[in-house]
Protein chains: 2
Amino acid sequence: MVGQVINRREQQKQHTRVALEDAALRLFAHNGYEQTTVEEIAAAAGVSMRTFFRYFSSKQHVLFGDVAHHRVGLLRAALQSRPVGEDPLDSVRIVLDESDITDPDELAQIRARLQLLFDQPQLIGTYLTVSHELRQLICEFVAQRCGLPPVHPYPLLVSAAAQAAWDAALWAWAAGVDGDLSRLRRAGFAELTMGIRPPA
Amino acid sequence: MVGQVINRREQQKQHTRVALEDAALRLFAHNGYEQTTVEEIAAAAGVSMRTFFRYFSSKQHVLFGDVAHHRVGLLRAALQSRPVGEDPLDSVRIVLDESDITDPDELAQIRARLQLLFDQPQLIGTYLTVSHELRQLICEFVAQRCGLPPVHPYPLLVSAAAQAAWDAALWAWAAGVDGDLSRLRRAGFAELTMGIRPPA
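Conventions used here
- Residues numbered from 1 in each chain as written.
- Chains lettered and ligands numbered in written order.
- Predicted model: local features only at pLDDT ≥ 70, side-chain atom pairs only at ≥ 80, totals over all residues.
- Heavy atoms only, no water.
- Salt bridge = Lys/Arg side-chain N within 4 Å of Asp/Glu carboxyl O.
- Helix = DSSP H or I, 4+ residues; strand = E, 2+ residues; numbered from the N terminus.
- Buried < 20%, exposed > 50% of the residue type's maximum accessible area, 1.4 Å probe, protein only.
- Contact = heavy atoms within 4.5 Å.
- Buried area = accessible area lost by both parts, 1.4 Å probe.
- Polar contact = N/O pair within 3.5 Å; in protein donor to acceptor, adjacent residues only side chain to side chain.
- Nonpolar A, V, L, I, M, F, W, Y, C, P; charged D, E, K, R; others polar.
- Core = buried A, V, L, I, M, F, W, Y, C linked by side-chain atoms within 4.5 Å.
- Least-squares fit on C-alpha atoms with pLDDT ≥ 70 in both.

(A) Examining the pattern of salt bridges more closely. According to the stated counting rule, one finds 19 salt bridges over all chains in the structure shown. Arg113(A) is the salt-bridge partner of Glu21(A), the closest N and O atoms lying 3.4 Å from each other. Of this pair, Glu21(A) sits in helix 1 (residues 2-31) while Arg113(A) sits in helix 6 (residues 104-119), placing them 92 residues apart in sequence. Judged on exposure class, the residue Glu21(A) and its partner Arg113(A) are both buried. The closest approach of N and O atoms between Arg135(B) and Asp167(A), which form a salt bridge, is 2.9 Å.

(B) Layout of the interface of chain B and chain A. With 33 residues of chain B at the interface, the matching set in chain A holds 33 residues. Roughly 2800 Å² of surface becomes buried between chain B and chain A when both sides are summed, with 80% attributable to carbon and sulfur atoms. Our count for the chain B to chain A interface comes out at four residue pairs in polar contact (both at pLDDT 80 or more). Those elements giving two or more residues to the side of chain B that touches chain A turn out to be helix 7 (124-146), helix 8 (153-174) and helix 9 (181-194) of chain B. Ranked by residue count, the leading element in the side of chain B that touches chain A is helix 8 of chain B, at twelve residues. Its residues placed into classes, the side of chain B that touches chain A shows 23 nonpolar, six polar and four charged.

(C) Structural context of the nonpolar core. Val92(A) and Val92(B) are the most contacted members of the largest nonpolar core, which has 124 residues in total. Among residues more than four places away in sequence, those in contact with Val92(B) are Leu79(B), Ile138(B), Phe141(B), Val142(B), Ala162(B) and Phe189(B).

(D) Representation of the relation of the copies chain B and chain A in the model. Least-squares fitting of chain B to chain A yields an RMSD of 0.1 Å, with the superposition described by an axial translation of 0.0 Å and a rotation of 180 degrees. Here the transformation between the copies is reduced to the relation of a two-fold axis. Of every C-alpha in chain B, the one belonging to Gly195(B) sits nearest the axis of rotation, 2.1 Å from it. Same-surface contact between copies: 100% of interface residues of chain B are shared with the interface of chain A.

Dropping the structure here:
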């Protein structure tokens, strides 16, 4: 009974979060990121400003911050749960494969975010910062598992390959290149770690 | 005679630019980036604020903007001058190899910039934006030479590998990993395009 209440409360929170994100992305796309206020986002999602700030620390945070927080947290836990004896490169590949996004609603939101970046390139810094955070996380994991410093070329290159595969897949996918996001990302990671193949 | 005058004027301009960059990096490191004003940078370099703004559009621009402007321009010209029939991946490798920085003064300035990023990680966005610009330039070149759209996975992966090799080399080098910057960058690009080798 208590479990059900908590579950319902969690669902409600998730619902509010998604409503705020949807409202923000809609307003950013229509009116521009700079022109949109937190007040307008809250109003469009039917909540108070105070509620907005319970979920997001700033306007920028709605744009990518949640993705960062949420995904960085999940990835960190997933990496740490891999067996210690496993080749760290395999651990990274497995965790990335398992965390590929397939939920249509989540994919639609990612597409809306990327469209916003294409239309308003001054926002690219926000995206790059999130992407960098993911890279650092992977770099530290590989270094730790290999017993190497995080500035050793090996963890730096493996994490750079992971990040670059994500980046390349996102840009190609958002621009409508054939293939789903997950397939593009897997192919990119394979090529960047095992050798880029020339185009057919 | 006219040529000599222009040459002397160019040298003087280059001298002022370097003096402003050196002063800025010194002040950023000692007093913090946020705390340093354009007025202080100009004074430390012995020039007026008006002169500062003839060289740089903003404080952020001194931090990495010049590197971006200068290097992006050089790289673009170098790439365009490669023969059309050449494998674009070779063109990228050759141009990057030829543009490797070996001048000790320039290397010292790069090291100072990176040290600033380590000490004041909130500045990472500036670096990432420059790095992204270089990637885009390479991506567009490879796409154009291959007759592919710039969102095709191949140009995206080649340019991502080039950028990631730079990033990884810079971090490793700035942190004191053995090997010079140029060797680290070349090794990184080779691994990211031909296959990452596990650490020895």
